[in-house]
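What the coordinates show
Chain residues, written in single-letter form:
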Amino acid sequence: MSAKEKKPKKEKFVEPHFKELVEVWFNFCREKFNEPPTFDGSAPRDLKGIIKALRERSETKNIEWTVDNAQKRFHNFLEFAWQEWWLQKNWLLSNINRQKDKIFFNIRAVLDKQPTHPFP
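Our subject in this report is the structure included herewith.

Analysis parameters
Residues numbered from 1 in each chain as written. Predicted model: local features only at pLDDT ≥ 70, side-chain atom pairs only at ≥ 80, totals over all residues. Heavy atoms only, no water. Axes fitted to C-alpha atoms, helices over the stretch in contact; angles between N-to-C directions. Helix = DSSP H or I, 4+ residues; strand = E, 2+ residues; numbered from the N terminus. Parallel < 35°, antiparallel > 145°, perpendicular 65-115°, else oblique. Left-handed = near helix turned anticlockwise from the far one by under 90°. Contact = heavy atoms within 4.5 Å. Nonpolar A, V, L, I, M, F, W, Y, C, P; charged D, E, K, R; others polar. 1 Å grid on protein atoms, 1.4 Å probe; cavity = no way out; pocket = protein on both sides within 12 Å on 5 of 7 lines; lining within 4 Å. Points joined across faces, edges and corners; volume = space filled by probe spheres on them. Salt bridge = Lys/Arg side-chain N within 4 Å of Asp/Glu carboxyl O.

A look at the packing of helix 2 (residues 43–60) against helix 3 (residues 67–82)
- Direction vectors running N to C along helix 2 and helix 3 enclose 115°, while the axes themselves pass 11 Å from each other. On the basis of their axis angle, the class for helix 2 and helix 3 is roughly perpendicular. Between helix 2 and helix 3 the crossing geometry is right-handed. Every residue of helix 3 that contacts helix 2 at Leu-47, Ile-50, Leu-54 and Ser-58 is listed here: Asn-69, Arg-73, Phe-74 and Phe-77.
- For the contact of helix 2 with helix 3, a count of residues per class yields 5 nonpolar, 2 polar and 1 charged.

Examining unusual backbone geometry
- Phi at Asn-34 takes a positive value of approximately 55°, unusual for a residue other than glycine.
- Of note in the backbone geometry, Asn-62 takes a positive phi value of approximately 55° without being a glycine.
- Of note, Asn-62 is situated in the loop between helix 2 and helix 3.

A short note on the layout of surface pockets
- Quantified by volume, the largest pocket comes out at close to 210 Å³.
- Lining the largest pocket are 15 residues; nearest its centre among them are Trp-25, Pro-37, Thr-38, Trp-91 and Leu-92.
- Listed by contribution, the elements that provide at least two residues to the lining of the largest pocket are helix 1 (18–33), helix 2 and helix 5 (93–98).
- Ranked by residue count, the leading element in the lining of the largest pocket is helix 1, at 3 residues.
- Tallied by class, residues from the lining of the largest pocket come to 9 nonpolar, 3 polar and 3 charged.

Remarks on the pattern of salt bridges
- Taken as a whole, this structure holds 7 salt bridges when the rule is applied.
- Between Arg-55 and Glu-15 there is a salt bridge, and its shortest N-O distance comes to 2.3 Å. Here Arg-55 is found in helix 2, whereas its partner Glu-15 is found in the segment before helix 1, with 40 residues between them in sequence.
- A salt bridge links Glu-79 to Lys-32; its shortest N-O distance comes to 3.9 Å. Residue Glu-79 is located in helix 3, and its partner Lys-32 is located in helix 1; the two are separated by 47 residues in the primary sequence.

Just distances and angles here, no functional claims.
This is the structure we're talking about:
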């Protein structure tokens, strides 16, 4: 392929409501630590990984990914993550992202015991 025959650029997917969910992250950290988190290095990528998983789980259940729904689901996810003593002591997006399946399993275990819940 010559320099003249460049492949068309693939459009980069922008995670819906990312800015609003960054705000949820900052507010949660301020609430728990009275300090804002840093948001550099792998943090934006780790946050996108968490948000993508939450969005895809919503879409699988035919739940519209509105800004309100996204904020509520992400905040609830963080609350469940906060219940893990190890995560609480190692509160980094990289750790939360790596542990997201465990958090989802714990959420499911709690929801299966409740007739109605805020985290469908």
